[in-house]
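Below, each chain spelled out in residue letters.
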Amino acid sequence: MNFNIGLGLEHYSYLGKRWNVYYGADFLFTIYQNTYKYSYSSTSYYTQRSNSNNFGIAPLLGLVFKINSRLSIATEASYYISYNQTNSKKTYIPSSLYDQTTKGSGIQTQFYAPTAVNVRIAF
């Protein structure tokens, strides 16, 4: 199961009749919950359950070209900075002697380059 929610703020500056630039930030929160089952013989396997919570901010910068009053194209770059907490548990069947529990936390960063061109339609 994955759950993502975000809230963003943007400010537009007009560079000319057809060109706009915008900047702002997205505030993001994500929950991941996954369960895997791995078999390593016909009677033995283990399950792994992982939970992860992330929350952070992504400052952004975008560029818009207006084709006409209702149609434009845009691209955007952002830099995601988040704090994450992860819990993982492995349960071995039939022997629970090797069960493992792992906890971790840390800071994660990622740069999203402006590699996509979005078509925008104003209604």
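Anything mentioned here points back to the structure above.
Reading guide: rules and limits
Residues numbered from 1 in each chain as written. Predicted model: local features only at pLDDT ≥ 70, side-chain atom pairs only at ≥ 80, totals over all residues. Heavy atoms only, no water. Patch = residues over 30% accessible without salt bridge, like charges linked within 9 Å, V, L, I, M, F, W, Y side chains within 5 Å. Areas by Shrake-Rupley, 256 points an atom, 1.4 Å probe, with all protein chains shown as cover. Salt bridge = Lys/Arg side-chain N within 4 Å of Asp/Glu carboxyl O. Helix = DSSP H or I, 4+ residues; strand = E, 2+ residues; numbered from the N terminus. Polar contact = N/O pair within 3.5 Å; in protein donor to acceptor, adjacent residues only side chain to side chain. Contact = heavy atoms within 4.5 Å. Pairing = 2+ DSSP bridges. Phe/Tyr/Trp six-rings, centres within 6.5 Å; stacked < 30°, edge-to-face > 60°. Lys NZ or Arg CZ within 6 Å of the ring centre and 35° of its normal.

**Notes on a nonpolar patch on the surface**
So, step 1. Taken together, the side chains of L7, L9, F27, I57, Y79, I81, I107 and F111 present a nonpolar region at the surface, about 800 Å² in accessible area.
So, step 2. Secondary-structure elements contributing two or more residues to the nonpolar patch are β1 (2-14), β4 (71-93) and β5 (100-112).
So, step 3. With respect to the element layout, L9 can be found in strand β1.

**As for the side chain of T75**
So, step 1. If you trace the backbone, T75 turns up in strand β4.
So, step 2. A distance of 2.9 Å separates a polar atom in the side chain of T75 from the backbone oxygen of A116.
So, step 3. Non-local contacts of T75, meaning those with residues more than four positions away in its chain, are made with Y22, L61, G62, L63, P114, T115 and A116.

**So, the pairing of β4**
One face of the sheet, then the other: side chains in a regular strand alternate in exactly this way.
So, step 1. Bridge analysis of strand β3 (residues 45-66) against β4 gives 20 bridges, and the strand direction is antiparallel. Looking at β4, one finds that S52 is bridged to T86.
So, step 2. In the sheet, β4 pairs with strand β6 (residues 118-121) via four bridges, with the strands oriented antiparallel. When the bridges of β6 are listed, S72 appears paired with R120.
So, step 3. Two strands pair when backbone bridges link them, and β4 and β5 are joined in this way by 13 bridges, in the antiparallel orientation.

**Some points on the packing of aromatic side chains**
So, step 1. Using the criterion set out here, one finds seven aromatic pairs in the structure.
So, step 2. Through a chain of ring-to-ring contacts, the aromatic side chains of Y36, Y38, Y46, Y92 and Y98 assemble into a single cluster.
So, step 3. Its end group placed over the ring of Y45, K37 keeps NZ or CZ at 4.3 Å from the ring centre.

**Quick word on the pairing of β1**
So, step 1. In terms of strand pairing, β1 meets strand β2 (residues 19-39) through 13 bridges, oriented antiparallel. Directly across from L7, in β2, lies its bridge partner F27.
So, step 2. Hairpin connection of β1 to β2: four residues between the antiparallel strands.

So yeah, pure geometry; function would need other evidence.
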